[in-house]
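# Structural description and commentary
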Amino acid sequence: MKIPFYPMAKAPALHLSRAWDIPESEVTLEDVYLNRRKFLEGMGHAGLAVMAGWLLPATARAQTSGRDLITSESLTGGFNNFYEFTPDKARVRQLAKQLPLEGWSIHIKGLVQQPRVVDVADLIRKFAQEERVYRLRCVETWSAVIPWTGFPLRKLIELAQPLSQARFVKFTTFINPNIAPGQKDRFWEPWPYVEGLSLAEAMHDLSFMATGMYGHSLNPQNGAPIRLVVPWKYGFKSIKSIVAMEFTREAPRIFWQDMSPLEYDFEANVVPQVPYARWHQTVETRLGENRTVATLLYNGYADQVASLYK
Ligand code: MTE
């Protein structure tokens, strides 16, 4: 696969001292910082403007010294995987404008106390919005550093009240070939896009439901109005524009396993020593930077998540 090189993103290096006590204004682009403040303040909900700090953990910062620049939004908003629209990464932005975002809801079902439909606007009002700057590592070997806004997935799971038999959560994206030409043009593919996590992974503090990025609501091409972000797994696990969450006993079969069972596995943790079927995974190219950097175990979040896999 050919990875395009973009001009250097103009963002300062993330601060490399302790993880939690850095003034935000020092670690980010000024306009992102100001937008973000406005965004959080403008939500007008008691307790909403909780600033979670920057979630690149101290150890990861030490390992990656000097390399984690926030990727410019002109890159993360213009180079997207959203196969429902098109496999052409540069065209997703234009086509995804058709996504009807008003009144979006998520169906919660399966092994839960009570199936229910939750309105995404209500969730945003209900849960304090936090910010997380996470690395995103695509299995195709490009990567980015993105400031998300949203809430921990755990909060939604607590609201859903899964039964004790539930072991997995299955996430589903919308299906609508009238607005998503990829679902019409490649109708034989196993739509809708489905992803899943074990309940233990889903309850982990790093598992995040993003409703915003760069200080504003999510862009359609990045998975508006609500998407999953699981930073220690390959990007395909971070499913966009979610319409359903189902609690199950068995691991769900995910879209990419159906597409190509020999290439994709359910767990999909970033483990650089394990090559993907068609290329190795030891290095990656940040969008906007014409150099490769070493890929880190669990994408640099080993201290936080390695205990899940012992
Ligand atoms: N979610 C849906 N519904 N459809 C997709 O095609 N692509 C995945 C993931 N989520 C995808 C998806 C892949 S392969 C990656 S790398 C990330 O989204 C890319 O997210 P980004 O475009 O916001 O960078």
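Residues numbered from 1 in each chain as written. Predicted model: local features only at pLDDT ≥ 70, side-chain atom pairs only at ≥ 80, totals over all residues. Heavy atoms only, no water.

This paragraph deals with the overall build of the protein. When helices and strands are tallied, the protein shows 11 helices and 12 strands. Residues classed as buried in the protein amount to 56% of the 310 residues present. Long-range contacts, defined as pairs at least 24 residues apart, comprise 72% of the intrachain contacts of the protein with a sequence gap of at least 6. Accessible area of the protein: about 13,300 Å², with a carbon and sulfur share of 55%. (Helix = DSSP H or I, 4+ residues; strand = E, 2+ residues; numbered from the N terminus. Buried < 20%, exposed > 50% of the residue type's maximum accessible area, 1.4 Å probe, protein only. Contact = heavy atoms within 4.5 Å. Areas by Shrake-Rupley, 256 points an atom, 1.4 Å probe, with all protein chains shown as cover.)

Residues in contact with the ligand amount to 17 residues; listed here are only the nearest, Tyr83, Glu84, Asn222, Arg227 and Lys240. Within the backbone of asparagine 81, an N or O atom sits 3.2 Å from a nitrogen atom of the ligand. Between the ligand and the protein, one listed contact pairs an oxygen atom with a side-chain N or O atom of lysine 240 at 2.6 Å. Coverage of the ligand by the protein amounts to 98% of the 540 Å² it exposes when considered alone. Judged by its atoms lying within 2 Å of the grid points, the ligand is housed in the largest pocket. (Near = heavy atom within 4 Å. Polar contact = N/O pair within 3.5 Å; in protein donor to acceptor, adjacent residues only side chain to side chain. 1 Å grid on protein atoms, 1.4 Å probe; cavity = no way out; pocket = protein on both sides within 12 Å on 5 of 7 lines; lining within 4 Å. Sits in = over half its atoms within 2 Å of the grid points.)

Counting residues in hydrophobic clusters, the biggest one holds 79 residues, and the most contacted among them are Met209, Met245 and Phe247. In terms of residue count, strand 4 (residues 142-152) provides more of this core than any other element does, 6 residues in total. If near-sequence neighbours (up to four positions away) are discounted, methionine 245 is found in contact with Ile106, His107, Ile108, Lys109, Leu153, Leu156, Ile157, Val169, Lys170, Phe171 and Met209. (Core = buried A, V, L, I, M, F, W, Y, C linked by side-chain atoms within 4.5 Å.)

Under the defined criterion, the tally for this structure stands at 20 aromatic pairs. Relative to phenylalanine 266, the ring of phenylalanine 168 has its centre 5.8 Å away and its plane inclined at 80°; by these criteria the two rings are edge-to-face. Taken as a pair, phenylalanine 168 in strand 5 (residues 168-173) and phenylalanine 266 in the loop between helix 10 (255-259) and strand 11 (283-286) lie far apart in primary sequence, 98 residues in all. Judged by its relative accessible area of 18%, phenylalanine 168 falls in the buried class. By relative accessible area, phenylalanine 266 is classed as buried at 15%. (Phe/Tyr/Trp six-rings, centres within 6.5 Å; stacked < 30°, edge-to-face > 60°.)

Here we take up the layout of surface pockets. Space inside the largest pocket adds up to approximately 530 Å³. Listing elements by their share of the lining of the largest pocket, those giving two or more residues are strand 4 and helix 10. By residue number, the principal contributor to the lining of the largest pocket is strand 4, which donates 4 residues. Class assignment of the residues belonging to the lining of the largest pocket gives a composition of 20 nonpolar, 8 polar and 6 charged. (Points joined across faces, edges and corners; volume = space filled by probe spheres on them. Nonpolar A, V, L, I, M, F, W, Y, C, P; charged D, E, K, R; others polar.)

Our focus in this paragraph is the pattern of salt bridges. Oppositely charged side chains are able to pair whenever their charged atoms sit close together. Under the definition given, this model contains 16 salt bridges. Arginine 286 is the salt-bridge partner of aspartate 68, the closest N and O atoms lying 2.9 Å from each other. Remark: arginine 286 occurs in strand 11 and aspartate 68 occurs in the loop between helix 3 (58-63) and helix 4 (73-76); sequence separation between them is 218 residues. For the pair shown, aspartate 68 and arginine 286 are each scored as buried. Between arginine 132 and glutamate 130 there is a salt bridge, with its nearest N and O atoms 2.8 Å apart. Glutamate 130 matches arginine 132 in its accessibility class, with the two residues each being buried. When salt bridges that share partners are traced, they join Asp68, Arg135, Arg137, Glu284 and Arg286 into one network. (Salt bridge = Lys/Arg side-chain N within 4 Å of Asp/Glu carboxyl O.)

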